[in-house]
Amino acid sequence: MATLLAPRTILRTPDLSRLGPHWYAAVMGTAITGNAAAALPLDVPGRTAFAEAVWTLSLLMLAALLAGRAVHLTRHREQARHTLLADPSAAVFYGCPPMALLAVGYGALTVGGPVLGEPAALALDVLLWTAGTAYALAVAAGLPYLMVTRHRLSALEANPTWLLPVVAPMVSAALGPALVPHLPAGAARQALLYGCVAMFGASLLATLALLPVVLGGLLHSKLPALVLTPSLFLVLGPLGQSTTAVHQFADALPLALPGAGPGAGAAARALAEVYGVTVTGFALLWLAVALAANLRALRAGMPFAMTWWAFTFPVGTLVTGTTALARHTGFGGFTALAAGLYLLLLAAWAVALARTAAGLRAGRLL
């Protein structure tokens, strides 16, 4: 009898002590897959319904993960404390939760109206953007503080995950302007736009300070493990997200600062186009490097891990950035580029989602 029942022991209760902040990358990747589909400058049959379905999945994933993390932080406080204060390789992933909140919130506003109803969708975005922004700012300041004062680190071993904490405010900056039309005209709109521009500057300058360190670490020590190779895609995050942000600023400027006149709006769009094209050029160069390195790693037997979700959100930011360029310039090349990048995102998301589901069923991931 014991022998007959033995196989059932595979279905164990998940070990939530291992449910770290890196799991929010799955929510980020799913949310931006839906959000980017809705924003694509193409009229594809079923696109809106697909975007709604994927965004709804991201909302359910976020709810489940928030519940799981609440249990983790309640029952495994010492493990959580160790992750944050004594394990710098894991602590940097605290940049993921605020980005997950922000991405799902933005999707509520742009995609979730038919699912939740317009008032509820707006309220959810306000809630998640506010919470995500506060979280992002705390992480962007708190993690570098821990890196300087507590964590034992070597710049010669830096890798792209170090960028996660400082990129979070950029996500808030890029998605906040969508709320400008829903605020009363005047000071509230101005404050929101100015706050988003300030977060853009803080995140951009912090990224520019860290990026040479990260590249230096990669050149000197390489990646410490094969499974970290997907993290090379994380460099794309601030590039695509900042491109998205400057175009969002240009769209929101006439509403937030109506006294600036039409010339200011035209200048903002021109600046956004110049910045976006320049940064997208470097992003495509790095995308080629990341793709080549990951193909090499796959041939070498890179196993599946949650790091594979790094294939999704950073590429998604390139989709939203090139979509904004297509919208403002009217150039068909950017439309084609956005479509091609979205196909890459969709394939990466499908593989990561399927492998994660399989890993959870088999009990390998928890």
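Not measured: the values here are computed from a predicted model. (Residues numbered from 1 in each chain as written. Predicted model: local features only at pLDDT ≥ 70, side-chain atom pairs only at ≥ 80, totals over all residues. Heavy atoms only, no water.)

> Could you give an account of the overall build of the chain, with specific residues and numbers?
Looking only at helices and strands, the chain has 14 helices and 0 strands in total. For the chain, the succession of helices and strands along the chain, N to C, is α-α-α-α-α-α-α-α-α-α-α-α-α-α. For the chain, long-range pairs separated by at least 24 residues make up 83% of all intrachain contacts whose partners lie at least 6 apart in sequence. Per element, the accessible surface of the chain, about 16300 Å² overall, is 70% carbon and sulfur. Within the chain, the 10 negative side-chain charges are centred at a point lying 12 Å from the centre of the 19 positive side-chain charges. (Helix = DSSP H or I, 4+ residues; strand = E, 2+ residues; numbered from the N terminus. Contact = heavy atoms within 4.5 Å. Areas by Shrake-Rupley, 256 points an atom, 1.4 Å probe, with all protein chains shown as cover. Lys, Arg positive; Asp, Glu negative; His and termini not counted. Charge placed at Lys NZ, Arg CZ, Asp CG, Glu CD.)

> Can you break down the packing of helix 6 (residues 96–110) against helix 9 (residues 164–175) residue by residue, with the values?
Their axes nearest at 8 Å, the elements helix 6 and helix 9 cross at an angle of 15°. Judged by the angle between their axes, helix 6 and helix 9 are roughly parallel. Considering only the axes of helix 6 and helix 9, their crossing is left-handed. Of the residues in helix 9, those touching helix 6 at Cys 96, Pro 98, Met 99, Leu 102, Ala 103 and Tyr 106 are Leu 164, Val 167, Ala 168, Val 171, Ser 172 and Leu 175. (Axes fitted to C-alpha atoms, helices over the stretch in contact; angles between N-to-C directions. Parallel < 35°, antiparallel > 145°, perpendicular 65-115°, else oblique. Left-handed = near helix turned anticlockwise from the far one by under 90°.)

> Account for the packing of helix 11 (residues 236–256) against helix 12 (residues 262–299), naming residues and giving values.
Here helix 11 crosses helix 12 at 170°, and the two axes come no closer than 9 Å. With respect to helix 12, the element helix 11 is oriented roughly antiparallel. Pair helix 11 / helix 12 crosses with left-handed handedness. The residue makeup of the contact of helix 11 with helix 12, split by class, is 14 nonpolar, 6 polar and 2 charged. (Nonpolar A, V, L, I, M, F, W, Y, C, P; charged D, E, K, R; others polar.)

> So what's going on with the pattern of salt bridges? Which residues, and what values?
Evaluation of the coordinates by the stated rule reveals 1 salt bridge. Where Asp 251 meets Arg 327, a salt bridge forms, and the shortest distance between an N and an O atom there is 2.7 Å. Here Arg 327 lies in helix 13 (residues 313–329) and Asp 251 lies in helix 11, a separation of 76 residues in the sequence. The class for Arg 327 is partly exposed, based on a relative accessible area of 45%. (Salt bridge = Lys/Arg side-chain N within 4 Å of Asp/Glu carboxyl O. Buried < 20%, exposed > 50% of the residue type's maximum accessible area, 1.4 Å probe, protein only.)

> Give a detailed account of the environment of Gly 186, specifying residues and quantitative values.
Within the secondary structure, Gly 186 sits in the loop between helix 9 and helix 10 (187–221). Its relative accessible area of 29% is what places Gly 186 among the partly exposed residues. Residues Gly 186 and Leu 255 lie 69 residues apart in sequence; the distance between their C-alpha atoms is 8.8 Å.

> Lay out helix 2 (residues 24–39) in plain terms, naming residues and giving numbers.
Residue pairs spaced three or four apart in an α-helix point in one direction, given the helix's 3.6 residues per turn. In this model helix 2 runs 22 Å from its N-terminal to its C-terminal C-alpha over 16 residues, within 8% of the 22 Å that 1.5 Å per residue would give. Among the 16 residues in helix 2, 14 count as buried, and that is most of the element. (Expected span 1.5 Å × (residues − 1).)

> So, the environment of Ala 267: which residues are in play, and what are the values?
Locating Ala 267 in the fold gives a position in helix 12. Along the primary structure Ala 267 and Ala 250 are separated by 17 residues, whereas in three dimensions their C-alpha atoms are 8.5 Å apart.

> So what's going on with the environment of Ala 173? Which residues, and what values?
Residue position: Ala 173 is located in helix 9. Look at Ala 173 and you get buried, because its relative accessible area is 0%. Residue contacts for Ala 173: discarding those within four places in its chain leaves Cys 196, Met 199, Phe 200 and Phe 249.

> An account of unusual backbone geometry is needed here, citing residue identities and associated values.
Excluding glycine, a negative phi dihedral is what most residues carry, and trans is how most peptide bonds are arranged. At Lys 222, a position not held by glycine, the phi torsion is positive, near 60°. As for its position among the elements, Lys 222 is in the loop between helix 10 and helix 11. The class of Lys 222 is exposed, set by a relative accessible area of 52%.

> Summarise the packing of aromatic side chains; cite the residues concerned and give the values.
One pass over the structure, following the stated rule, counts 7 aromatic pairs. Ring centres 5.7 Å apart and planes at 80° place the aromatic pair Phe 200 and Phe 249 in the edge-to-face group. Of this pair, Phe 200 sits in helix 10 while Phe 249 sits in helix 11, and the two are 49 residues apart along the sequence. A relative accessible area of 12% means that Phe 200 is categorised as buried. On the numbers, 5.2 Å between centres and 90° between planes, the contact of Phe 233 with Phe 311 is edge-to-face. Residue Phe 233 is found in the loop between helix 10 and helix 11, and its partner Phe 311 is found in the loop between helix 12 and helix 13; the two are separated by 78 residues along the sequence. Residue class for Phe 311 comes out buried when judged on its relative accessible area of 13%. (Phe/Tyr/Trp six-rings, centres within 6.5 Å; stacked < 30°, edge-to-face > 60°.)

> How would you summarise the side chain of Arg 189 if you had to cite specific residues and measurements?
Position of Arg 189 relative to the elements: it lies in helix 10. No salt bridge is formed by the buried Arg 189; its nearest oppositely charged neighbour, Asp 125, is found at 14 Å. Of the polar contacts made by the side chain of Arg 189, one reaches the backbone oxygen of Leu 183; its length is 2.8 Å. Excluding its chain neighbours within four sequence positions, the residues that come into contact with Arg 189 are Val 180, Pro 181, Leu 183, Pro 184, Leu 255 and Ala 256. (Polar contact = N/O pair within 3.5 Å; in protein donor to acceptor, adjacent residues only side chain to side chain.)

> Which residues make up helix 14 (residues 332–362), and what values go with them?
For helix 14, spanning 31 residues, the distance from its first C-alpha to its last is 45 Å, which sits close to the expected 45 Å at 1.5 Å a residue. Along helix 14, the residues classified as buried are Phe 334, Thr 335, Ala 338, Leu 341, Tyr 342, Leu 345, Ala 348, Trp 349, Ala 352, Thr 356 and Gly 359. Buried residues belonging to helix 14 abut helix 2, helix 3 (47–75), helix 12 and helix 13. Two residues or fewer past helix 14, Gly 363 is found with a positive phi of approximately 80°.

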